Amino acid sequence: MGIYVVGTVAGSAVALTLIWVQNTYKIIRLAGDVYQIDYLPMRLSVPDFLMIITVTMGLSFLATIIPARRAGSLNPVDVLRYE
């Protein structure tokens, strides 16, 4: 399992916890004389959540593949010579 999976799961857990805290305790308040509601409601639908997870894991995977391919194309002798 890649570190990008762990980071995505941890970030998702933090985000879902923050959404729950906001909806339960209404921490972010809005001015009642300006808005029709008094707090900022947060909602995350399942398709949105799955899209965010997919894009995050895809970008993280690409961020690990691109440097690995560049490093793999180097000659080890040349790398160790300049180290």
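Please refer to the structure placed before this passage.
Residues numbered from 1 in each chain as written. Predicted model: local features only at pLDDT ≥ 70, side-chain atom pairs only at ≥ 80, totals over all residues. Heavy atoms only, no water.

**Things to note about the side chain of Gln-22**
Phase 1 of the analysis: Mapped onto the elements of the fold, Gln-22 is located in helix 1 (residues 3-25).
Phase 2 of the analysis: You can call Gln-22 buried: its relative accessible area is 3%. (Helix = DSSP H or I, 4+ residues; strand = E, 2+ residues; numbered from the N terminus. Buried < 20%, exposed > 50% of the residue type's maximum accessible area, 1.4 Å probe, protein only.)

**A word on the pattern of salt bridges**
Phase 1 of the analysis: Under the defined criterion, the tally for this structure stands at one salt bridge.
Phase 2 of the analysis: As a salt-bridge pair, Arg-81 and Asp-78 come within 3.2 Å of each other at their nearest N and O atoms. Within this pair, Arg-81 and its partner Asp-78 are both found in helix 3 (residues 76-81), separated by three residues, close to a single helical turn.
Phase 3 of the analysis: Overall, the relative accessible area of 54% leaves Arg-81 in the exposed class. (Salt bridge = Lys/Arg side-chain N within 4 Å of Asp/Glu carboxyl O.)

**Re the packing of aromatic side chains**
Phase 1 of the analysis: Under the definition given, this model contains two aromatic pairs.
Phase 2 of the analysis: For the pair Tyr-4 and Phe-61, a centre-to-centre distance of 5.8 Å together with 70° between the ring planes defines the contact as edge-to-face. Residue Tyr-4 is located in helix 1, and its partner Phe-61 is located in helix 2 (residues 46-72); the two are separated by 57 residues in the primary sequence.
Phase 3 of the analysis: Under the relative-accessibility criterion, Tyr-4 is labelled partly exposed at 23%.
Phase 4 of the analysis: Residues Trp-20 and Tyr-25 carry aromatic rings whose centres are separated by 5.9 Å and whose planes lie at 90° to one another, so their mutual orientation is edge-to-face. Assigned by exposure class, Trp-20 and Tyr-25 land together as exposed.
Phase 5 of the analysis: When the ring centre of Tyr-39 is taken as origin, the NZ or CZ atom of Lys-26, which lies over that ring, is 4.6 Å away. (Phe/Tyr/Trp six-rings, centres within 6.5 Å; stacked < 30°, edge-to-face > 60°. Lys NZ or Arg CZ within 6 Å of the ring centre and 35° of its normal.)

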